[in-house]
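Chain and residue survey
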Amino acid sequence: MINVLLIGIFLALIFVPSAKALMIRGLMEIGLFRPDVERPAATATPALVQDLQGIRFKDIHGKVIDLGSLKGKVVFLNFWATWCPPCLAEMPSVNKLYEQFKGDEHVVFILVDADSDFLKAQKYMDRKGYKLPVYQVAGSIPEAIFKGSLPTTVVFDKWGRVAYNEAGAANYASEKFISFIKTLTESNI
């Protein structure tokens, strides 16, 4: 009987994205999947990918945002999909981070639906009660920013340099990551 139960749980984790997301979220809560925001040296500066002009995203209303126009702002860019368990697992922490900074005019959130299905993505956000801004890609994305793995999160500093770029789920509501974002908004380097 216990073997059947264990097999059932195992199969649910393999085939049910929400079950896998719940497991990953639980592992995040106990301290796994922490975003690594440590810089190698105190004088290290973030890497410049290239000119960000022309890297564009479109929202559900057709409004286009160009990364090149966001200099002077810290940009949290997240590529995700509704079918991706690690994406779903990290979404509550992304939402908490967004709630922390949504009133800060120096921080911009761009959540890119990898499926380019606004209806499905917005339905997910509404069902979960998230107010996160959903976008679609409206041009080409350099591989230095997004290699195709989901989820991928990139944070640009105020000068358009990559301060953080990681693939895989992470807890973005951690005090360490919140402090990292605050430091970027206050930095003059």
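Above this text is the structure in question.
About the criteria used
- Residues numbered from 1 in each chain as written.
- Predicted model: local features only at pLDDT ≥ 70, side-chain atom pairs only at ≥ 80, totals over all residues.
- Heavy atoms only, no water.
- Pairing = 2+ DSSP bridges.
- Helix = DSSP H or I, 4+ residues; strand = E, 2+ residues; numbered from the N terminus.
- Phe/Tyr/Trp six-rings, centres within 6.5 Å; stacked < 30°, edge-to-face > 60°.
- Buried < 20%, exposed > 50% of the residue type's maximum accessible area, 1.4 Å probe, protein only.
- Disulfide = S-S within 2.5 Å.
- Polar contact = N/O pair within 3.5 Å; in protein donor to acceptor, adjacent residues only side chain to side chain.

Bridge count for strand 1 (residues 56-59) against strand 5 (residues 134-137) is three bridges, and the pairing is antiparallel. In the strand pairing of strand 5, Asp59 is matched with Tyr135. Note that strand 4 (residues 107-113) and strand 5 share two bridges and pair parallel. Within strand 5, the residue paired with Val112 across the bridge is Tyr135.

Attention now moves to the packing of aromatic side chains. Per the stated rule, a full pass over the model turns up 13 aromatic pairs. Seen in terms of ring centroids, Tyr98 and Phe109 are 5.2 Å apart; in terms of plane orientation they differ by 90 degrees. Their pairing is edge-to-face. Highlighted residues: Tyr98 in helix 3 (residues 85-101) and Phe109 in strand 4, separated in sequence by 11 residues. The buried category is assigned to Phe109, whose relative accessible area is 6%.

Side chains Phe57 and Asp59 project from strand 1 onto a buried face, and the interleaved Arg56 and Lys58 project onto a face without burial. When strand 1 meets strand 2 (residues 64-66), the two strands line up antiparallel, connected through three bridges. Within strand 2, the residue paired with Arg56 across the bridge is Asp66. Between strand 1 and strand 2, which pair antiparallel one after the other, the connecting turn spans four residues, and Gly62 there sits at a positive phi close to 90 degrees.

In this section: the state of the cysteines. According to the stated counting rule, one finds one disulfide in the structure shown. Covalent S-S linkage joins Cys84 and Cys87, the inter-sulfur distance amounting to 2.4 Å. Between Cys84 and Cys87 the sulfur-sulfur dihedral comes to about 75 degrees; the bridge is accordingly right-handed. For Cys84, a relative accessible area of 4% puts it in the buried group. Note on Cys87: relative accessible area 0%, which makes it buried.

Moving on to the side chain of Asn171. Topologically, Asn171 is positioned in the loop between strand 7 (162-167) and helix 5 (175-186). Of the residues examined, Asn171 reaches a relative accessible area of 17% and is grouped as buried. Engagement of the side chain of Asn171 in a polar contact is seen with the backbone nitrogen of Ala173, the distance being 3.0 Å.

If a residue is not glycine, its phi is most likely negative; likewise, a peptide bond is most likely trans. Here Leu150 and Pro151 are connected by a cis peptide whose omega angle stands at -15 degrees. Within the fold, Pro151 resides in the loop between strand 5 and strand 6 (152-156). A positive phi angle, close to 55 degrees, is found at Ser116, a residue other than glycine. Relative to the helices and strands, Ser116 resides in the loop between strand 4 and helix 4 (118-128). Given the relative accessible area of 43%, Ser116 is considered partly exposed.

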